[in-house]
Amino acid sequence: MNFKELSKKYGTPLYVYDFEHFENQYNELKKAFKARKSIISYAIKANSNLSVVKKFASLGSGADCVSIGEVKRALLAGIDKYKIIFSGVGKRDDEIQEALEKDILMINVESEAELKRVDEIAKNLGKVARISIRVNPNIDPKTHPYISTGLSENKFGVDIETAKKMYIYAKKSQNLNPVGIHFHIGSQLTELEPIREASAIVADLVRSLKAINIDIKFFDVGGGLGIKYKDEETIKPYDYAQAILSTLSGLDVTIVCEPGRFLVGNGGWFLTKVLYEKVNGDKRFVIVDGAMNDLIRPSLYNAYHKIEVLSSKENPKVSKANIVGPVCESGDFFAKEIEVPETNPGDLVVIHSAGAYGFTMASNYNTRPRPAEVAVEDNKDRLIRRRETFEDLIACEIDYMV
Ligand code: LLP
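Just so it is clear, the structure is predicted and the values come from calculations on it, not from any experiment.

Participant: Residue-level account of the sheet that holds strand β7 (residues 176-182), with values.
Facilitator: Around the barrel, eight strands lie side by side as β2-β3-β4-β5-β6-β7-β8-β9; this closed barrel has parallel pairing. Here the strands of the sheet are splayed against their neighbours by 30 degrees on average, with no regard to which way each runs. Direction of pairing for strand β5 (residues 106-109) relative to strand β6 (residues 129-134): parallel, over a ladder of three bridges. For V109, the partnering residue across the bridge sits in β6 and is I133.

Participant: Go over helix α9 (residues 237-245) with me, naming the residues and quoting the values.
Facilitator: Since the α-helix advances by 3.6 residues per turn, residues separated by three or four positions end up pointing in the same direction. Listed in full, the buried residues belonging to α9 are P237, Y240, A241, A243, I244 and L245. Elements in contact with the buried residues of α9: α2 (19-32), α8 (192-211), β8 (218-220), β9 (254-257) and α10 (261-264).

Participant: Break down the site of the ligand for me, citing the residues and quoting the values.
Facilitator: Contacts to the ligand come from 19 residues, most closely from S187, E258, R297, Y301 and Y357. The separation between a nitrogen atom of the ligand and a polar side-chain atom of E258 is 2.6 Å. Between the ligand and R261, the relevant distance is 2.8 Å, taken from an oxygen atom to a main-chain nitrogen or oxygen of the residue. Within the complex, the protein chains bury 92% of what would otherwise be the 580 Å² of accessible surface of the ligand. Here the shell around the ligand spans two domains, and each of domain 1 (3-14 + 266-394) and domain 2 (33-259) adds at least three residues to it.

Participant: Break down helix α6 (residues 112-125) for me, with residues and values.
Facilitator: With 14 residues, α6 extends 20 Å from end C-alpha to end C-alpha; this agrees with the ideal 20 Å at 1.5 Å per step. Among the residues of α6, E114, L115, V118, D119, I121 and A122 are the ones counted as buried. Looking one or two residues beyond α6, the residue adopting positive phi is G126, at roughly 70 degrees.

Participant: Describe the packing of helix α5 (residues 93-101) against α6, and please don't skip the residues or the numbers.
Facilitator: At their nearest, the axes of α5 and α6 sit 10 Å apart, and the two run at 55 degrees to each other. Relative to α6, the element α5 is oriented oblique. Once α5 is placed against α6, the crossing between them reads as right-handed. Each of D93, I96, Q97, L100 and E101 in α5 lies in contact with α6, whose residues at this interface are R117, V118, I121, A122 and L125.

Participant: Break down the nonpolar core for me, citing the residues and quoting the values.
Facilitator: Soluble globular proteins tend to pack their nonpolar side chains together in the buried interior. Counting residues in each nonpolar core, the largest one holds 95 residues, and the members touching the most others are F33, I181, F219 and Y240. Considering every element that reaches this core, the biggest residue donor is α8, with seven residues. Of the domains in this structure, domain 1 (3-14 + 266-394) and domain 2 (33-259) are the two that each give at least three residues to this core. The contact partners of Y240, leaving out residues within four places of it in the chain, are L29, F33, L192, I195, V221, G222, G223, L225, I235 and C257. In terms of nonpolar packing, the next biggest core, distinct from the first, is built from 12 residues, F3, L271, V350 and A372 among them.

Cut-offs and rules
- Positions within a chain are numbered from 1, following the residues in the order the chain's sequence is written.
- Thresholds applied to this predicted model are a pLDDT of at least 70 for local features of residues and 80 or more for the giving and counting of side-chain atom pairs; totals over whole chains, interfaces and linings are not thresholded and use all residues.
- The side-chain numbers reported here are obtained from all heavy atoms of the structure, hydrogens and water having been left aside.
- The rule for pairing is simple: two strands pair if DSSP sees at least two bridges between them.
- Secondary structure elements are defined from DSSP: runs of H or I of at least 4 residues count as helices, runs of E of at least 2 residues count as strands, and each element is numbered from the N terminus.
- Note on definitions: angles span 0 to 180 degrees between N-to-C directions of axes, and those axes are lines fitted to C-alpha atoms, for helices only across the stretch in contact.
- Note on exposure labels: buried denotes an accessible area under 20% of the residue type's maximum, exposed denotes more than 50%, and partly exposed covers the range between, all computed with a 1.4 Å probe on protein chains only.
- Any two residues having at least one pair of non-hydrogen atoms within 4.5 Å are treated as being in contact.
- A molecule or strand has a residue near it when one of that residue's heavy atoms lies within 4 Å.
- Each polar contact in these results corresponds to two N or O atoms within 3.5 Å; when the atoms are within protein, one needs to be able to donate a hydrogen and the other to accept it, and residues that are neighboring in sequence are counted only if both atoms are side-chain atoms.
- For the accessible areas, the method is Shrake-Rupley and the probe is 1.4 Å, while residue cover comes only from the protein chains on display.
- Marked domain ranges trace back to an automatic or database domain assignment.
- In a helix, the anticipated span is given by 1.5 Å times the number of residues less one.
- Comment on the angle field: the value is read as roughly parallel under 35 degrees, roughly antiparallel over 145, roughly perpendicular from 65 to 115, and oblique elsewhere.
- Left-handed describes a crossing in which the near helix is turned anticlockwise from the far one by less than a right angle; the clockwise case is right-handed.
- Think of a nonpolar core as a cluster: buried Ala, Val, Leu, Ile, Met, Phe, Trp, Tyr and Cys residues, connected wherever their side-chain atoms sit within 4.5 Å.

Note that all results are geometric; they support no functional claim without further evidence.
Take a look at the structure:
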């Protein structure tokens, strides 16, 4: 990947994606589940650029969506509607209605109240809603608290007993068809045991539902497979699949898996350029043209991203520095107290592992246009989202002309 050339050609700040990495990750995971029927449903919240989603569609991927907007993106990019799942802890009526009209694989229901809404809306439309229920297995996934979702203290899903009641209700309803079960205990998981435990708990529930003639066809294990940002030990896809499959004996289910980060995280880089250096007191700051509005993970989660500074100085001295953006917040940083060579303005800074939850979490804070996005595939690069302009930023604002 020639980052210098790409930054010259497209400018900075810039996201660059390696589509071959995406493909390899997809194939590796698909292969790991080959002992069973499986659908890999890419969690498009991780990176929802239409060209990225289209790439996954071309591989046969489904999509895990958390808003009707994401469902529409998935369909627009060519994802098979029978591989689309609509999850989320709060869905509006119009979203439920549209999902039913679009006839996607299933709506993943997260509360009793929502189940009743889906039932009513399906009835009004004269449709039968295929649903799954998100079970919260009360397992500690041992990840960052902001991205941990499988504990009873979290807002996601329902407990086992409530889920059972909901399945019985759904089975009785003319307008609900309970085809799936779902759990997702957290993101950036690096330990296998919590996944196996959660899967075992949910598989037991499937068995007890089977005993009362509720036949679950789709066993949705959520996403969450972690990636290497620094020196984490990560879970191998094969071991991950085996851990899940080992809990499913006697069950004839299709596995649904919803990875986001695993598929795209390490196939993305964020490129930014040095504007200036400055020293305040005893702190050295390298100020770059990208900021927290472009890539918020360091500010929001204190997340580590590997950073390479391509200094153009001859034999630069190396010393500790903070790499910061121009946004007016002290939390606007990419790294603190890391070893950085002396730089000249214009030197390139490459931030790694930025393919997941990078662009999708970007904002226009400080009226900053969001970066452009570039795909690299077959040794060729192409623009897949142009840089925003000031006009884009104000396009929705009305009533200000006097
Ligand atoms: N399925 C469900 C129901 C989810 O809630 C999520 C992520 C996924 C699948 C995909 O998870 P993944 O495979 O990417 O770990 N913004 C945070 C991550 C939030 C994840 C939210 N849910 C970050 O930057 O780390």
